[in-house]
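The primary structure of each chain is shown beneath.
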Amino acid sequence: MAAELLLTGVRVADLGDAVGEAAARLLADLGAETLKLEPPQGARTRTEEPVLDGHSLPYSVRNTNKSALIADLTTPEGRADARALVAEADIVFVSPTAAGAIGLAELRDIRPGLVAVISSPFGLSGPRRDWQATGRTLLALGGAMSRSGSPGAPPLVPPEQLATATATAQAAWLAIVAHTQRTRTGLGQTIDLSHHEAVATGLDPAFGVQGSAAAGRSGKFRRGRPPADSYPIYRCADGFVRLCLLAKRQWRGMFGWLGEPAEFADPSYDSITARVAASDRLEPLIEALFADRTAAELVDEAARRGIPLAQVLSLGEALAADHFTKAGTVSRTEVAPGLTATVPVGYLAADGHLLGLRTPSPGLPTQTASAGAWAPREEPVHPVPATGGAPFAGLRVLDLGVIVFGAEAGRAFADLGAEVIKVESRSYPDGLRQTRNGEAMNASFAWGNRGKRSLGLDLRTEEGKRIFIELARHSDVVLSNFKPGTLDSLGIGFTTLAATHPGIIVLESSAFSAEGPWAQRLGYGPLVRAACGVTSLWKYAAGDTASWDGVTVFPDHVAARLGALSVAAALLARSRDGRGRHLQMAQSDVVLHQLADLALLESLRPGSVSAVGNRGREVFGGVFACAGDDEWCVIDARDPDEVDVLREAVGAGEQDLGEAVSGWTAVRSPAEVGEELQRRGLPAAPMLRLPELLDDPQLAHRATYTTLTHPLLEQTLPAEDAASAYERLEVPTLGPAPLAGADTESICRDLLGLDEALVADLLDRGVLFVP
């Protein structure tokens, strides 16, 4: 049976930049009819490097599942054709240039229900609105680079694909939220998407769940790079493995594997802090244990002992891994006309069917755009335009999620009006609730769980299970991020819930997909990155042993955004047919999907993808020291003309360009470097530390941050403003993140109708709990 698509009947027009193209592809993967408008010679993105066999690899992966039509925006006829087609669309992704060419503002006056996403590096206004950008300069300005790299060494730019992937996920999410709002009110809107803002708030947010640095939370300006050895990498007989010892039970498993050495028998070593302090004695024991065993042997034995361990794979090795092939995540398929390769094909399964690459990217268009190009559909009935109401008002979400992904997936709906009930266990508390000194609340939990309610419930009891099933009968969505099969083992899987509520939508996210030999592996972000090639790309040089991705929480935030996007699409599908959906996604599949252009290159030219460090993949690029203590900038030149401009700017003459740039930046501040080179049209940017984002003039202009207070925290916290990119969006006033079980009694009384005597009895027996 073919996969049933979620966005059937939704029309998407694509006149966007690279991020807009990629976001349109995400919606196309979910089933939206997506038409790509290009000039007769093809979009400029068709020439984006690398180009092999006449195909731009980035263009190819960004434009699968689309059809291409001619719309020459340099002629009156072409602009009229584009306007006619866009006027019949539901969503359009456009660049600022294309928006002006088609008269988007006037078009929206005629078609008030249209959702338009204008995608650009910094947004349409503000002091950097005209700046140029690459993924690398965005990582510098977004704070991610400041903490990446070896302590005492220059900072290391993370793999630049992460910047584009983060902005893409944000663009698609903003579009689907606005479209959801339109189905409620009849009104569309224009969204001003800033790639910079998306990276600052969506990759490793300074002011969000585990925002990659304590510096971001404390406001202190930390110089240099922090230690990145929390997830150490060890050499083994045939490569490298990564170890994550976090919980007490995991350390106990490792202690037994080491032969229970007497010097580490003291219970104090159950603490991460004690083990780190003793690393000079502990590390040699682990190194010796691993040295003569293969990675496969180590991973299997670690799994048997309950120890999180993964082999560190290159991207090429990941693409060839048995797990991804058997799971269907990676497949040999036609990506562009006549171009066949082994690539990631999708990250989401709906009712057991993978949604993803169905048709190759189109060849050069031969037909002209027109309103009649859209497939016939039964026109959706929208309400009379009205005001008021958040996009997900009236929606009830049961949030079983934990740690970063769990917090962020639920928060996406709470921020936009849904009632989100966090279902918590006293025996297995959310690890995000941990605090250094036993405090009742921490900033990370407060950020990720604002606006939620908390139900304390023991799902391992029959009564607890019945309460959850009854609550699900009165809800719309269930979110979870456990190992595959966990909900079924608890007796609350999709089949069970759908039996009493056919409209329920259940999202199950895991580290690795439910199909394939890695399904039951312990999954943490560092292990996912190791197994998918990200760790191997996060190095100063391809031949280095050390990797420096230990400070990031990627892919949690981005995967959570894509999970929320998938649920929102399923809700739109339910509005058509009344049916719920079982959604399954794996973070490993998300990672490979976001590295699709590199995966395509590696498939076509095996061995060609490896770490490029600070050099980058541009014609010229680098990280350069500036005047001051640990002050740096990123400078890229994308073509020979930009290299000539840079050479003139720094007065290189016949001198080696790298040496000339280094001398020029050494006597200037990072801000001065950015301003001077941007005036010449070059992508250059200062490195910002996380606390500096609050004072960044561009983010301040866009009102990227608001404030968050919590009665159990002394300080007011900066926090992402969920409405900053929208033209209009009503958001609720959010309550503070709850204590575990804070709303147990009111939920049981008001939603389930349980009488006080029964609730008291369930509390006494531990089926329910309160703070």
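In this text the structure is predicted, and so the values were computed from the model without any measurement.

Enquirer: Could you give an account of the overall build of the protein chain, naming the residues involved and the relevant values?
Expert: If you tally the helices and strands in the protein chain, you get 31 helices and 27 strands. In summary, the protein chain has a C-alpha radius of gyration of 26 Å against a globular reference of 28 Å for 771 residues, a match within 12%. For the protein chain, the C-alpha atoms occupy an extent of roughly 75 × 65 × 50 Å along the three principal directions. In the protein chain, which comprises 771 residues, the share counted as buried stands at 59%. Taking contacts inside the protein chain between residues at least 6 apart in sequence as the whole, the part at least 24 apart equals 74%. A total of about 29,000 Å² of accessible surface is found on the protein chain, and carbon and sulfur atoms cover 51% of it. Put simply, the protein chain has 71 plus and 94 minus side-chain charges, and the middle of one group is 2 Å from the middle of the other.

Enquirer: Account for the confidence of the model for the protein chain, naming residues and giving values.
Expert: Detailed reading of the predicted model is not advised wherever pLDDT is low. Summary statistics for the protein chain give a mean pLDDT of 94 and a share of 97% for residues scoring 70 or more. Counting contacts from residues 211-221, a segment whose pLDDT is below 50, to residues more than four positions away or on other chains yields 28 contacts.

Enquirer: Can you tell me about the pairing of strand 18 (residues 452-457), naming the residues and giving the values?
Expert: Of all 6 residues in strand 18, 5 are buried, a share of seventy percent or more. Where strand 17 (residues 419-424) meets strand 18, 5 bridges bridge the pair, whose relative direction is parallel. For V420, the partnering residue across the bridge sits in strand 18 and is K452. Taken together, strand 17, helix 17 (residues 443-448) and strand 18 form a β-α-β motif whose crossover is right-handed.

Enquirer: A description of the sheet that holds strand 7 (residues 115-120) should follow, citing residues and the corresponding values.
Expert: On the basis of which strands lie adjacent, the open sheet formed by 6 strands has the order 5-2-1-6-7-8 and parallel pairing. Taken across any chain shown, the strands that pair with only one partner, and hence form the sheet edges, are strand 5 (67-70) and strand 8 (189-194). Adjacent strand axes in the sheet meet at a mean angle of 20° when their direction is disregarded. Examined bridge by bridge, strand 2 (residues 33-38) and strand 5 share 4 bridges and lie parallel to one another. Paired with K36 across the two strands is A68, which belongs to strand 5. This element, helix 3 (residues 76-86), spans strand 1 (11-15), strand 2, strand 5 and strand 6 (91-94) of the sheet and lies at about 170° to strand 2. Across the sheet, helix 7 (residues 161-185) is in contact with strand 6, strand 7 and strand 8; its angle to strand 8 comes to roughly 165°.

Enquirer: Kindly report on the nonpolar core, identifying the contributing residues and their values.
Expert: Counting 150 residues, the largest nonpolar core has L6, L27, F93, W173, F392 and F413 as the members making the most contacts within it. Beyond its immediate sequence surroundings of up to four residues, W173 is in contact with F392, A412, F413, L416, R561, A564, L565, A568 and Y726. Of all hydrophobic cores here, the second largest spans 29 residues; its members include L398, A498, L762 and L768.

Enquirer: Could you give an account of the pattern of salt bridges, naming the residues involved and the relevant values?
Expert: Throughout the structure, instances matching the rule amount to 46 salt bridges. Across the salt bridge formed by R128 and D696, the nearest N and O atoms sit 2.6 Å from each other. Placement of R128 in the loop between strand 7 and helix 6 (135-141) and of D696 in the loop between strand 24 (684-686) and helix 29 (697-701) is noted, with a sequence separation of 568 residues between them. On the basis of relative accessibility, which here comes to 3%, the residue D696 falls in the buried class. Salt bridges linked by common partners bring D14, E21, K36, E48, R62 and K66 together as one network.

Criteria and thresholds
- Residues numbered from 1 in each chain as written.
- Predicted model: local features only at pLDDT ≥ 70, side-chain atom pairs only at ≥ 80, totals over all residues.
- Heavy atoms only, no water.
- Helix = DSSP H or I, 4+ residues; strand = E, 2+ residues; numbered from the N terminus.
- Rg over C-alpha atoms; globule rule 2.2 N^0.38 Å.
- Buried < 20%, exposed > 50% of the residue type's maximum accessible area, 1.4 Å probe, protein only.
- Contact = heavy atoms within 4.5 Å.
- Areas by Shrake-Rupley, 256 points an atom, 1.4 Å probe, with all protein chains shown as cover.
- Lys, Arg positive; Asp, Glu negative; His and termini not counted.
- Charge placed at Lys NZ, Arg CZ, Asp CG, Glu CD.
- pLDDT = per-residue confidence, 0-100.
- Pairing = 2+ DSSP bridges.
- Right-handed = clockwise from strand over helix to strand, strands pointing away.
- Axes fitted to C-alpha atoms, helices over the stretch in contact; angles between N-to-C directions.
- Core = buried A, V, L, I, M, F, W, Y, C linked by side-chain atoms within 4.5 Å.
- Salt bridge = Lys/Arg side-chain N within 4 Å of Asp/Glu carboxyl O.

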